[in-house]
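Summary of the model geometry
So the chains spell out like this:
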Amino acid sequence: MFLRTLLHALLSKFGPRLGHFDVARTNFLTLPTDQDILRHMNNGVYLSIMDVARFDLLHRTGVWAIFKARGWYPVVVSETISFRKSLRLGQKFTVESRILGFDEKAVYVEQRFVRPDADGDLEIYAHGYIRGRFLKRAGGVVTITELLEAIGVAPDDVTVPEWLLEWSRAAAAPATRASAPSIWR
């Protein structure tokens, strides 16, 4: 995955520039190291590829340069993915990534693994969402206000669906062992 990350870091420098809220399309090929024992792409690899595609999004929108200048870096708070079809060895696919919106603490990104079907329409193989935050290298968390001041106001159609906000609240890790479900105490 490290070499794939380096390759896409280089490719993103030459890829088309995007607006901060545009959809980034990042192309991949299923490699032998992506396969599991059932000869399809391992479910954990999807999450790693989502990371690479998000960095491509950040680079091509210019957001990475803004964050780097300020000493900010992204972290994933939570993520979820659903699978429709398997990706097999040697298949080309594209990850479409876009910023969905923000809540009071985090940014939400939607990502889809797609391939053309027999009619040339894009077929969704997997669909994932992440909730991320940005941290300051000097310490502390980047607020959404600071984030939007750096990248600009989001368009009106950049909103997080209510079901995804509910998922985020439900998926939040407990702050302490005492606040965890009783099975973990």
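Residues numbered from 1 in each chain as written. Predicted model: local features only at pLDDT ≥ 70, side-chain atom pairs only at ≥ 80, totals over all residues. Heavy atoms only, no water.

**Some points on the packing of helix 3 (residues 63-70) against helix 4 (residues 144-151)**
Angle between the axes and distance between the axes: these two values describe a pair of packed helices. Orientation of helix 3 relative to helix 4, taken along the N-to-C sense of each, is 120°, at an axis distance of 10 Å. The pairing of helix 3 with helix 4 is recorded here as oblique in orientation. Crossing geometry of helix 3 relative to helix 4 is assigned as right-handed. Between helix 3 and helix 4, the residues in contact are Val-63, Ile-66, Phe-67 and Arg-70 and Leu-147, Ala-150 and Ile-151, respectively. Residue composition of the contact of helix 3 with helix 4, by class: six nonpolar, no polar and one charged. (Axes fitted to C-alpha atoms, helices over the stretch in contact; angles between N-to-C directions. Helix = DSSP H or I, 4+ residues; strand = E, 2+ residues; numbered from the N terminus. Parallel < 35°, antiparallel > 145°, perpendicular 65-115°, else oblique. Left-handed = near helix turned anticlockwise from the far one by under 90°. Contact = heavy atoms within 4.5 Å. Nonpolar A, V, L, I, M, F, W, Y, C, P; charged D, E, K, R; others polar.)

**Let's talk about the pattern of salt bridges**
Between side chains of opposite charge, a pair can form when the charged atoms approach closely. By the definition in use, this model includes 11 salt bridges. Measuring nitrogen to oxygen at the nearest pair gives 2.9 Å for the salt bridge that ties Asp-34 to Arg-4. One end of the pair, Asp-34, is in the loop between strand 1 (24-29) and helix 2 (43-61); the other, Arg-4, is in helix 1 (residues 2-14), and 30 residues separate them in sequence. Taking the relative accessible area as the measure of exposure, Arg-4 reaches 9% and is therefore buried. (Salt bridge = Lys/Arg side-chain N within 4 Å of Asp/Glu carboxyl O. Buried < 20%, exposed > 50% of the residue type's maximum accessible area, 1.4 Å probe, protein only.)

**Structural notes on the pairing of strand 4 (residues 107-116)**
Across the 10 residues that make up strand 4, a large majority, eight, are buried. Here strand 3 (residues 92-102) pairs with strand 4 via eight bridges, running antiparallel. Considered in strand 4, the bridge of Ile-99 is made with Val-109. Taking the residues that link successive antiparallel strands as the turn, the strand 3-strand 4 hairpin has four residues. By the bridge criterion, 10 bridges tie strand 4 to strand 5 (residues 122-136) in an arrangement that is antiparallel. Bridge pairing links Tyr-108 to Arg-131 in strand 5. (Pairing = 2+ DSSP bridges.)

**Digging into a nonpolar patch on the surface**
On the surface, Phe-2, Leu-3 and Leu-6 cluster together into a nonpolar patch covering about 370 Å² of accessible area. Tracing the backbone through its elements, the reader meets Phe-2 in helix 1. (Patch = residues over 30% accessible without salt bridge, like charges linked within 9 Å, V, L, I, M, F, W, Y side chains within 5 Å. Areas by Shrake-Rupley, 256 points an atom, 1.4 Å probe, with all protein chains shown as cover.)

**Structural notes on the environment of Glu-146**
When you line up the elements, Glu-146 lands in helix 4. Contact partners of Glu-146, with chain neighbours within four places excluded, come to Trp-72, Lys-136 and Val-141. At 2.8 Å, the side chain of Glu-146 forms a polar contact with the backbone nitrogen of Thr-143. (Polar contact = N/O pair within 3.5 Å; in protein donor to acceptor, adjacent residues only side chain to side chain.)

**As for the sheet that holds strand 1**
Strand pairing in a sheet relies on backbone hydrogen bonds, with the paired strands running either antiparallel or parallel. The strand order across the open sheet formed by five strands is 1-3-4-5-2, and the pairing between neighbours is antiparallel. Single-partner strands in this sheet number two, and they are strand 1 and strand 2 (72-83). Each strand axis lies, on average, 25° off the axis of its neighbour in the sheet, ignoring direction. Where strand 2 lies against strand 5, 11 bridges are found, and the strand directions are antiparallel. Bridge pairing links Thr-80 to Tyr-129 in strand 5. The strands touched by helix 5 (residues 162-171) are strand 2, strand 3, strand 4 and strand 5; relative to strand 5, the strand with the most contacts, the crossing angle is about 55°.

**Some points on unusual backbone geometry**
In this model, Arg-39 sits at a positive phi of 60°, which is unusual for a non-glycine residue. One can find Arg-39 in the loop between strand 1 and helix 2. Judged by its relative accessible area of 67%, Arg-39 is exposed.

**Side note on the side chain of Thr-94**
Inspection of the secondary structure puts Thr-94 in strand 3. A polar contact is formed between the side chain of Thr-94 and the side chain of Asn-27, at a distance of 2.7 Å. Beyond its immediate chain neighbours, meaning those up to four positions away, Thr-94 contacts Arg-25, Thr-26, Asn-27, Arg-112, Phe-113 and Val-114.

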